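Coordinate inspection notes
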Amino acid sequence: MSGLGDVSLVDVDETVLEQLLELAKRDASPDEVAPPLGGPGWNLERTAWFFSYHRAAAHGLDGDAGEKTWGILAGGVLAGSIRLRRVESGDGVAVADTGIWLGRSFRSQGIGTAALRLVLHEARKAGIVQVTARTLTGNLGAQRVLASAGAVLTPDDDGTVNAVVVL
Ligand SMILES: CC(C)(COP(=O)(O)OP(=O)(O)OC[C@H]1O[C@@H](n2cnc3c(N)ncnc32)[C@H](O)[C@@H]1OP(=O)(O)O)[C@@H](O)C(=O)NCCC(=O)NCCS
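In this report, we go over the structure that sits alongside the text.

Cut-offs used in this document
- Residues numbered from 1 in each chain as written.
- Predicted model: local features only at pLDDT ≥ 70, side-chain atom pairs only at ≥ 80, totals over all residues.
- Helix = DSSP H or I, 4+ residues; strand = E, 2+ residues; numbered from the N terminus.
- Rg over C-alpha atoms; globule rule 2.2 N^0.38 Å.
- Contact = placed C-beta atoms within 7 Å.
- Near = placed C-beta within 6 Å.
- Nonpolar A, V, L, I, M, F, W, Y, C, P; charged D, E, K, R; others polar.
- Expected span 1.5 Å × (residues − 1).
- Buried ≥ 20, exposed ≤ 12 C-beta atoms within 10 Å, placed from the backbone.
- Arc of directions from axis to C-beta.
- Pairing = 2+ DSSP bridges.
- Core = buried A, V, L, I, M, F, W, Y, C linked by C-beta atoms within 7 Å.

**Observations concerning the overall build of the protein**
Looking only at helices and strands, the protein features five helices and eight strands. Of the regular secondary structure in the protein, the N- to C-terminal order runs β-β-α-α-α-β-β-β-α-β-α-β-β. Rg of the C-alpha trace for the protein: 15 Å, near the compact-globule value of 15 Å for 167 residues, within the 12% margin. The C-alpha extent of the protein, read off along each of the three principal axes, is 40 × 35 × 30 Å. When contacts within the protein are restricted to residue pairs at least 6 apart in sequence, those whose partners lie at least 24 apart make up 52%.

**Some words on the site of the ligand**
In the vicinity of the ligand lie 22 residues, with Arg107, Gly112, Thr113, Gly141 and Arg144 positioned nearest. Of all elements in the fold, only strand S5 (95–102), helix H4 (111–125), strand S6 (130–136) and helix H5 (140–148) reach the threshold of two or more residues within the shell around the ligand. Here the shell around the ligand is built from residues that sort into eight nonpolar, 11 polar and three charged.

**A closer look at helix H3 (residues 44–57)**
Here H3 spans 20 Å end to end across 14 residues, near enough to the 20 Å set by a 1.5 Å rise per residue. For H3, the set of buried residues is Arg46, Phe50, His54 and Ala57. Take H3 and look down its axis: the buried residues cluster within an arc of 65 degrees, on one side only. Residues of H3 that are exposed and point over 90 degrees away from its buried face: Leu44, Ala48 and Ser52.

**Some remarks on the pairing of strand S4 (residues 77–87)**
One ladder, built from eight bridges, connects strand S3 (residues 67–74) with S4; its direction is antiparallel. Looking at S4, one finds that Glu67 is bridged to Arg85. A loop of two residues connects S3 with S4, the two strands running antiparallel in sequence, and Gly75 in this loop sits at a positive phi of about 60 degrees. As defined by bridge partners, S4 adjoins S5 across eight bridges and the pair is classed as antiparallel.

**A word on the nonpolar core**
Counting residues in each nonpolar core, the largest one holds 40 residues, and the members touching the most others are Ile72, Ile111, Ala115 and Val119. If you tally residues by element for this core, the top one is H4, at seven residues. Among all residues touching Ile111, those that are not within four sequence positions of it are Val7, Ile72, Ala74, Ala79, Leu102 and Phe106.

**Here's the deal with helix H1 (residues 14–27)**
Here H1 contains 14 residues, and its C-alpha end-to-end distance of 20 Å stays within 8% of the 20 Å for a straight helix at 1.5 Å per residue. Three or more residues of H1 are buried, namely Leu20, Leu23 and Ala24. Taken end-on, H1 shows its buried residues confined to a sector of 100 degrees, consistent with a single buried face. Turned more than 90 degrees away from the buried face of H1, the exposed residues are Glu14, Thr15, Glu18, Glu22 and Arg26.

**Some details on the environment of Ala96**
For Ala96, the position within the fold is in strand S5. What makes Ala96 buried here is the crowd of 28 C-beta atoms within 10 Å. Distance in space between the C-alpha atoms of Ala96 and Thr132 is 6.3 Å, their sequence separation being 36 residues. Excluding its chain neighbours within four sequence positions, the residues that come into contact with Ala96 are Leu84, Arg85, Arg86, Val87, Ala123, Ile128 and Val131.

**Examining unusual backbone geometry**
Only a minority of non-glycine residues have a phi that is not negative, and only a minority of peptide bonds are not trans. Of note, Ser108 is a non-glycine position whose phi angle comes to about 60 degrees, a positive value. Tracing the sequence through the fold places Ser108 in the loop between S5 and H4. Take Ser108: there are 10 C-beta atoms within 10 Å of it, and that puts it in the exposed class.

Following this line, the structure appears as structure tokens:
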């Protein structure tokens, strides 16, 4: 486990995975946590995706999925999840993409900012030199979190903003 003040990252084992799904169902919108699969709500398809996604990511950045997910703990309580995924850069540069969600009751308390700093530290340790993220133009919270980590934000024509942090 790695920590920053009251916020730390924990590996997603089967216990954390069950708790993350409970948190997502109770305190987040399904679309903030998983792709829009099988219609609204936590239907079977979306739930199956959630389990297989996190289990594949349990093998880490150097596993087959090239991805790792963590649970975010705030004061020891599970608050959300953050991920890193290797992406092809085309020029041999080690690049990873990140994404994050917190339960509603944990937002706007600095937890997202702290979790992103921790994941950038994990990326550096793994030899990643650039971390990217993409969010909606209207998602000001995500943009603030990314900007405070030093990201350069570039709006695209499709209503999204591309963020790049050079480590
Ligand atoms: C986006 C998210 C991770 C931000 O994490 P957070 O813990 O709420 O953010 P923080 O408390 O660290 O806030 C960081 C900054 O953003 C600002 N902020 C937070 N939420 C905001 C909002 N909804 N609108 C405007 N500003 C916001 C804070 O005031 C703070 O500003 P400061 O740096 O000037 O102090 C969180 O709100 C979330 O999980 N949202 C739903 C999922 C999502 O959108 N994920 C990102 C997809 S790419």
